[in-house]
Structure formats: structure tokens, C-alpha cells
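Listed below are the residues making up each chain.
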2 protein chains.
Amino acid sequence: MNNATDTKAPVVGVDLGGTKILAAVVDPSGQILARCKKKTRAEKPHQEVIARIAECVRGAITESGLTLDRIAGLGIGAPGALNPQTGIIHLAPNLHWEEVPLQQILHKELGIPVYIGNDVNVGTLGECRVGAGVGMKNIVGIFIGTGIGGGLVFDGKVYEGAGFMAGEIGHIPMKNKGPVCGCGNRGCFEAVAGRLAIVRSIQKKAEKGKETMLTRELNGDFSRIKSRLLATAWKEKDPLTVKVLKKAARYIGRGVGVVIGLLNPEAVILGGGVIEAMDDAFLDAIRSYSEKYSFAPMFRDCRILRARLGDDAGILGAAFYARDRLLQK
Amino acid sequence: MNNATDTKAPVVGVDLGGTKILAAVVDPSGQILARCKKKTRAEKPHQEVIARIAECVRGAITESGLTLDRIAGLGIGAPGALNPQTGIIHLAPNLHWEEVPLQQILHKELGIPVYIGNDVNVGTLGECRVGAGVGMKNIVGIFIGTGIGGGLVFDGKVYEGAGFMAGEIGHIPMKNKGPVCGCGNRGCFEAVAGRLAIVRSIQKKAEKGKETMLTRELNGDFSRIKSRLLATAWKEKDPLTVKVLKKAARYIGRGVGVVIGLLNPEAVILGGGVIEAMDDAFLDAIRSYSEKYSFAPMFRDCRILRARLGDDAGILGAAFYARDRLLQK
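Here the structure is a predicted model, which is why all the values come from computation and not from measurement. (Residues numbered from 1 in each chain as written. Chains lettered and ligands numbered in written order. Predicted model: local features only at pLDDT ≥ 70, side-chain atom pairs only at ≥ 80, totals over all residues. Heavy atoms only, no water.)

## Thoughts on the nonpolar core
Moving on, step 1. Formed by 116 residues in total, the largest nonpolar core has its most connected members in A:Ile142 and B:Ile142.
Moving on, step 2. Ranked by residue count, the leading element in this core is helix α8 (residues 239–263) of chain A, at 14 residues.
Moving on, step 3. Beyond its immediate sequence surroundings of up to four residues, A:Ile142 is in contact with A:Ile148, A:Gly149, A:Gly150, A:Ile169, A:Phe189, A:Val256, A:Val259, A:Val268, A:Ile269, A:Leu270 and A:Gly271. (Core = buried A, V, L, I, M, F, W, Y, C linked by side-chain atoms within 4.5 Å. Buried < 20%, exposed > 50% of the residue type's maximum accessible area, 1.4 Å probe, protein only. Helix = DSSP H or I, 4+ residues; strand = E, 2+ residues; numbered from the N terminus. Contact = heavy atoms within 4.5 Å.)

## A short note on the packing of helix α7 (residues 227–235) of chain A against α8(A)
Residues and elements named next belong to chain A.
Moving on, step 1. In contact at an axis separation of 8 Å, α7 and α8 are set at 110 degrees when each is read in the N-to-C sense. Classified by the interaxial angle, the pair formed by α7 and α8 is roughly perpendicular. Classified by chirality, the crossing of α8 by α7 is left-handed. Where α7 abuts α8, its residues Leu230, Ala233 and Trp234 lie against Thr241, Val242, Leu245 and Lys246.
Moving on, step 2. Among the residues making up the contact of α7 with α8, the classes are represented as 5 nonpolar, 1 polar and 1 charged. (Axes fitted to C-alpha atoms, helices over the stretch in contact; angles between N-to-C directions. Parallel < 35°, antiparallel > 145°, perpendicular 65-115°, else oblique. Left-handed = near helix turned anticlockwise from the far one by under 90°. Nonpolar A, V, L, I, M, F, W, Y, C, P; charged D, E, K, R; others polar.)

## A look at the interface of chain B and chain A
Interface size, as often reported, equals the accessible area lost upon joining of the parts.
Moving on, step 1. With 40 residues of chain B in contact, the opposing surface of chain A contributes 40 residues.
Moving on, step 2. When the two sides are added together, the surface that chain B and chain A hide from each other amounts to roughly 3,300 Å², 62% of it contributed by carbon and sulfur.
Moving on, step 3. For the chain B face of the interface with chain A, the top three residues by lost area are B:Pro173, B:Leu262 and B:Phe295, together amounting to 21%.
Moving on, step 4. The tally of links from chain B across to chain A stands at 0 salt bridges.
Moving on, step 5. Inspection of the chain B/chain A interface yields 20 residue pairs in polar contact (both at pLDDT 80 or more).
Moving on, step 6. Listed by contribution, the elements that provide at least two residues to the side of chain B that touches chain A are β10 (148–154), α8 (239–263) and α11 (296–301) of chain B.
Moving on, step 7. Per element, the largest residue contribution to the side of chain B that touches chain A is 8 residues, and it comes from α8(B).
Moving on, step 8. Residue classes in the side of chain B that touches chain A are distributed as 21 nonpolar, 11 polar and 8 charged. (Buried area = accessible area lost by both parts, 1.4 Å probe. Salt bridge = Lys/Arg side-chain N within 4 Å of Asp/Glu carboxyl O. Polar contact = N/O pair within 3.5 Å; in protein donor to acceptor, adjacent residues only side chain to side chain.)

## So, helix α10 (residues 280–292) of chain B
Residue and element names in this part refer to chain B.
Moving on, step 1. Look at α10: 19 Å from first C-alpha to last across 13 residues, which is about the 18 Å you get at 1.5 Å a residue.
Moving on, step 2. Within α10, the full set of buried residues consists of Phe282, Leu283, Ala285, Ile286, Tyr289 and Ser290. The buried residues of α10 occupy an angular sector of 155 degrees when projected down its axis, which confines them to one face.
Moving on, step 3. In this structure, the buried residues of α10 make contact with α7 (227–235), α8, β12 (267–271), α9 (273–277), α11 and β13 (303–306).
Moving on, step 4. The N-cap of α10, judged by a side-chain oxygen 3.2 Å from the amide nitrogen of Ala281 a few residues on, is Asp279. (Expected span 1.5 Å × (residues − 1). Arc of directions from axis to C-beta.)

## Overview of the pattern of salt bridges
All names here are of chain A.
Moving on, step 1. One pass over the full model with this rule turns up 14 salt bridges over all chains.
Moving on, step 2. Of the charged contacts, one joins Lys38 and Glu55 as a salt bridge, the two residues approaching to 3.7 Å between their closest N and O atoms. Here Lys38 is found in strand β3 (residues 32–39), whereas its partner Glu55 is found in helix α1 (residues 46–64), with 17 residues between them in sequence.
Moving on, step 3. Exposure remark for Lys38: the relative accessible area of 23% places this residue in the partly exposed category.
Moving on, step 4. For Glu55, a relative accessible area of 42% puts it in the partly exposed group.

## So, the sheet that holds strand β2 (residues 20–26) of chain A
Residue and element names in this part refer to chain A.
Moving on, step 1. Spatially, β3-β2-β1-β4-β8 is the arrangement adopted by the 5 strands of the open sheet, whose pairing is mixed. Each edge of the open sheet carries a strand with a single partner, namely β3 and β8 (114–118). For this sheet, the mean angle separating the axes of adjacent strands, direction not counted, is 20 degrees.
Moving on, step 2. Sheet topology note: the strand β1 (residues 11–16)/strand β4 (residues 74–78) ladder contains 4 bridges and is parallel. Looking at the pairing, Val14 lines up with Ile76 of β4.
Moving on, step 3. Of the strands in this sheet, β4 and β8 are in contact with helix α3 (residues 119–130), which crosses β8 at around 95 degrees. (Pairing = 2+ DSSP bridges.)

## So, the packing of aromatic side chains
What describes a pair of aromatic rings is the distance from one ring centre to the other and the angle between the planes of the rings.
Moving on, step 1. In total, this model carries 7 aromatic pairs over all chains according to the counting rule given.
Moving on, step 2. Aromatic side chains A:Phe154 and B:Tyr159 sit 4.4 Å apart centroid to centroid with 40 degrees between the ring planes, which places their arrangement in the tilted category. Residue A:Phe154 is located in strand β10 (residues 148–154), and its partner B:Tyr159 is located in the loop between β11 (157–158) and α4 (189–193); the two belong to separate chains. For the residue pair A:Phe154 and B:Tyr159, the accessibility class agrees, reading buried in each case.
Moving on, step 3. Centroid distance B:Trp234 to B:Phe282: 5.5 Å. Interplanar angle 85 degrees. Geometry classified as edge-to-face. Here B:Trp234, found in helix α7, pairs with B:Phe282, found in helix α10; they are 48 residues apart in sequence, far enough to count as distant. In terms of burial, B:Trp234 and B:Phe282 fall into one category: buried.
Moving on, step 4. An aromatic cluster is built from A:Phe154, A:Tyr159, B:Phe154 and B:Tyr159, whose rings are joined through pairwise contacts. (Phe/Tyr/Trp six-rings, centres within 6.5 Å; stacked < 30°, edge-to-face > 60°.)

So this is what it looks like as C-alpha cells:
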């Protein structure tokens, strides 16, 4: 029925997020042949969201001028806790999903092989194959957004671990007696260096009377701070913002040091909303702290790079992930 | 000339330490057929030490009743910074070696394929194949001795990283503004939880007047504290020793938490002199701190086990490592 065994056939990669669904038809070299985008509408029942994913996949295929029977398979980078073997999403809070057999439903709907993987893992795979890590085999992706996620690529392949949760770097212990994390522990990496943690720290200090341009900008509503505004305040050398972001850079550098010492990667690739918004001076601050927290000979092996693919990391990575799993069968 | 391509032929595994050389003839199932042991005499030139390794290998083969031409290959677990591809030991302080082409010299001497790997990595591989991790695919070894070393086995194979230094967990940052480590950084894992760090901490507190049975036992010479004496003082509930070792257990638990969060392994296997000497209550303390510092669902996937093979981990691991590399050719 389909071209699953044809290694030259394109695959479709999907990035399933809480607000939008992105799909792309991707050829074996990583060229995007066509795209489609839809709103997720996560407030609807999962059946409706999955129907929208299928529509988005068909939309991208139609746009490419191909037909479904020319597509070797479908890869999906999905958020939350999932099992890539059974294809079930166990828990995805930002989709309000619990125990949803995503792979099975989509396979029934589309009739092609479907593979699901963790969104951050497949994003890291995308960066490894055609992004900042091109030509490398062993890389670690660290994505600093609202929270902090990570992905591992060893020997050119996604490394998923015993329970398919490898790379959960946001929850490694970072600060003793630090702030309580969403996971229940204290002082996790994302609880001290994710965007929410950064904003919380600025807000707390502003409320204690520290001067910051952000108080004016936001009219007191700190929940409105997005990465772009942080980047502006950093660039304009707002003292409080600079202080808090330097502390975050220090924690991020420390996280990079942990990764380097444990895994000796060729590169650590930094991405996510905060990194995308910030200038190179912020990356340099992270690099310099990373050196301080790394075993010297291992630091020398490792490049600390900015992610290159932006929103395309997810769709490209999902496509490569599907291709890897097809070839592995 | 030799049986390199015969997958049923035994291999020889060597554990090259600063004080002793262990060699064993090992069959494919991990049965030790014969052994040999020699002093390293690291104070002699490297040529002499290597000649002793060759003697030790020949000794084990003779003991097994086999001849060199029945041996498929030789694996060596060696300390220090080395390159498993070129077979050169770049720097091994406890052998006083710099840029020694160990593999080349031994291959010339013995005429069989020779593979060198990091001692801690191959020890972890040994534990994975026939020790505490038998039946598992993804494990991390943490060895607490004078310092702290680590080894990674992913998908059943040793993971070496970009510069063959993966697993250097002793140098991940653990305590901000902590004590200076041998590597030059501050607060590395081994600088707060290795045996030297534990002893230093007890000594410092004893010199400040804290009561401890160790002062009597050692007549003031704390450099004589070995793991066994620490274990005795812990068992006899010497308050200072218990306090310092609980703090070490906390750091070790934190290290385990980092490993779990980042790598989602099936097991973390704890070994090395300190762990071997200490009782199960110490391991339970580590387990309980590990849980505190781990992302809960990943902690549930992971068993925290005591290494089982003791001194045999190195020779068995080196044998499996040689076999893996022979099959990979």
C-alpha cells in the first residue's frame, strides 16, 4: 500500500504543541518539500485534536503535490510522558491528555507507519542532522523556555533511556534548598533558570523595591514578561534584569558543565525561547560559566552552540526520527 | 595466525592498576578460565611495565592450558586519559605515563588484536554483562574510592563520548564554593564525596576538637584512614564519622539524582573501595537521598545496586570490551 520500504520516499514530520500543530513533508536529505500549520485547540477532546493532526498531515502532502501512498511514514514529536514503543501518550498536561493511543489512532486514519517521540529529543535530533550539530554524532540539546528541557543524541541516534525519559535535564538538582519546582522537588534546574524562574526572581526583587524598567513597561503585571522583553531589558542594561539573567547564565553554565563532565559531547546546543531572544553576550556569559564548571580537557572537546533551526527543529527532527525507526525495523 | 574471527574463542582481559596487573582468560559467556597477577612496579620505565603485562597475559593463558594462537584478542582496562582508537595512553598519573602507545607495543609483542579502554568504563561493562546489571541495557556505574569515577553503558555497549572521557562524573560541579579539586575547579563531586574528601573533612573537624574514636585509632595520623576503618567507625556509630559520611551519602545521592534525571538508566551501580567497605545502611542512606534529588517517575525506573564483581569487574569488563570491538570490526 505504501512506500515504507523505499528509503528515498519522503516522510512527514509533525511538531505537536499545546497551541499549534506543524507538519512538513521532508525528503531524505532533510529538505522541506511542503508545510502545513493548524491550531491545536487543546481544549477540545483528543479525538478532535488528532483529527486536526491528520488534516494537517494531509494538508502538507497535498501542498507537496504528492499523495499519501508516496509517503514512507510519519514521525511526531509530542510533549509529555510517552512510550515510543506502544505509541501511547501517558500524560501531556498542555494537551490535557492522559493515556491517549496517538500512534494507533493516526495509523488507522492514515494507513502509513507512525512513530511518536518526545518533542525535545526529536528537536535535538533535527539540530544534529541539519542544524547546529551537523556532522556531529554525540550532542546534547538544552532548551530554555518557560521550563527547561533536554535531548540526547548518541552515535547519531536519539537516546531515550529505560523509561523513554532520558534528557529530563530540567529536573536535575541544581540548588540546595532552592525554590520548589513543579515536580515537587526543590532547586531543580528549571526552578532556578527557566523563564518562569527568571521572571519570578525579577518580580520578587522589584516588589522589594529594586528599580527596574520592567515595572514601568508592564504596569506591575509581571506575568506579561516574555523572552523578548527580557532580552530588551538585558540589552538596555537594566541592572536588575542583568543581575538576574547573569545568575541564570551561571546556572545554565553549571548545567552545561554537568553534561560535559558526564557525557563528553561534541557540542551542547542551546535553544528555546529564552536563548532565541537573547543576544550573543548572553551566550558568551553561559560559555564562560560552563568553562568554570567543566573538567578542562572535556570542555575543550565541546562546542557550545546556538540552535539553528528554530521552529523547524521539531518537524525536521520528527521526520528524521521516523526515518531512523523505519530503517531500524 | 590467531582466532580473532572465531566468536567462540576465549579472550584475555587485563586490569592495569597503579599497584597490580590482573589478567584472566575469559570465555564468551564470561567464565574465567584462568588468572594471573603481577605487581605493576609503576616506578619502572613503561617498557618494563608493559613487558610485565605481556608476561601476565602469557601466564594466564598458560594457566588455562591454552596457547596464544587460541586467543581471539586482548582487552585492557587502563587508568587515565587514553584513546581507544589509536591505543595510546595520553596521561596516566598513577603509572607516570605520558603518550605511551600501549596497544601498539603489546600487539607487536603478542601478535593478537589488542584493545584498550578506560578502566572505569570497562568495569561498568563487566557489571552490566555478568554483575549487578545482568540483563540490563542502560546502566551507569559510580565508583567511590580515593576519588570518584563513573562509567556509562548504553544499549549494552560502553559509551565513550567525543574525547573518550564520558563518565567523568567525579568532576561534575556539586558544591558551589566547595573545596578545590585536583582538577583545579572547586566543589567537584569527588572533592566533596571521595574518600580523600571524607577523610579531610573528618580530620579538619577532629583538629577543631570534635570527639572521634579515629583520633585514638590512628594516633593522630589521619592519612592512615582507609575505607575499612571508616566502615568500622560508621558501624560503631562514632558521631563525627556518621555525620561526615551522611553528608557524603547526601552528595552521592545528589550525583545519582543527576544521573537519573539526565539518563533515565535502568540501574545505577555503586562500587569502589568506600562502597565495598560500607554496610547496607549506608547504601540505604544513598538511596533515600537519591529519591529526594530525582524526578519521581525516573527514580521509579531505576534500581540503585551495589556492584557485585569486586576486583573481577575490570578483567571481565576488559574481556567483554575486547569481544565487542572484535565483533564490531
